[in-house]
Amino acid sequence: MSSIAGQLAALKRIAEFSARLRGHELGEWHTGEGFAQASCIRCRAELRVYHSVIQPEMDGTALESLCSKGDVERAA
Ligand SMILES: [Zn+2]
C-alpha cells in the first residue's frame, strides 16, 4: 500500500467534506501529476488537493465560497 495514495485519498475525503459543507456537489476527480482536482457539478467551483510528502495542501474556490446553485440539501 502506497502512503502517497493513502494520503491523497484522505485529502480528497477532507476536501469533499469541506466542499459539501458549503453546498457544493463534487463531480469526478481527475488525478494529475502531484495533485487531484474536482469541480462542483452545479456551479463548477474548483477544488484541488496536492499530495506532497512535505506539505499536503488543498485549495480552490469550492473551499472558499458557498455554492451559488446549492440549495443546501442533505444528500445523505
Ligand atoms: Zn457549487
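This text goes with the structure placed above it.
Model, not experiment: these values are computed from the prediction. (Residues numbered from 1 in each chain as written. Predicted model: local features only at pLDDT ≥ 70, side-chain atom pairs only at ≥ 80, totals over all residues.)

## A word on the pairing of strand S3 (residues 46-50)
The side chains of a regular strand alternate, first on one face of the sheet and then on the other. Inspection of the sheet shows strand S2 (residues 35-39) paired to S3 by five bridges, in the antiparallel sense. Each bridged residue has a counterpart across the sheet, and for Ser-39 the counterpart in S3 is Glu-46. Two successive antiparallel strands, S2 and S3, enclose a turn made up of six residues, where Arg-44 displays a positive phi of approximately 65 degrees. Summarising the sheet, S3 and strand S4 (residues 57-59) pair through three bridges and their orientation is antiparallel. (Pairing = 2+ DSSP bridges. Helix = DSSP H or I, 4+ residues; strand = E, 2+ residues; numbered from the N terminus.)

## Here's the deal with the sheet that holds S3
Read across the sheet, four strands follow the order S1-S2-S3-S4 without closing on themselves; strand pairing throughout is antiparallel. The open sheet terminates on both sides in strands that have one partner only, identified here as strand S1 (30-31) and S4. Where helix H1 (residues 3-21) meets the sheet, its contacts fall on S2, S3 and S4, and the angle it forms with S3 comes to roughly 155 degrees. (Contact = placed C-beta atoms within 7 Å. Axes fitted to C-alpha atoms, helices over the stretch in contact; angles between N-to-C directions.)

Such coordinate-based values are descriptive only and should not be taken to indicate function.
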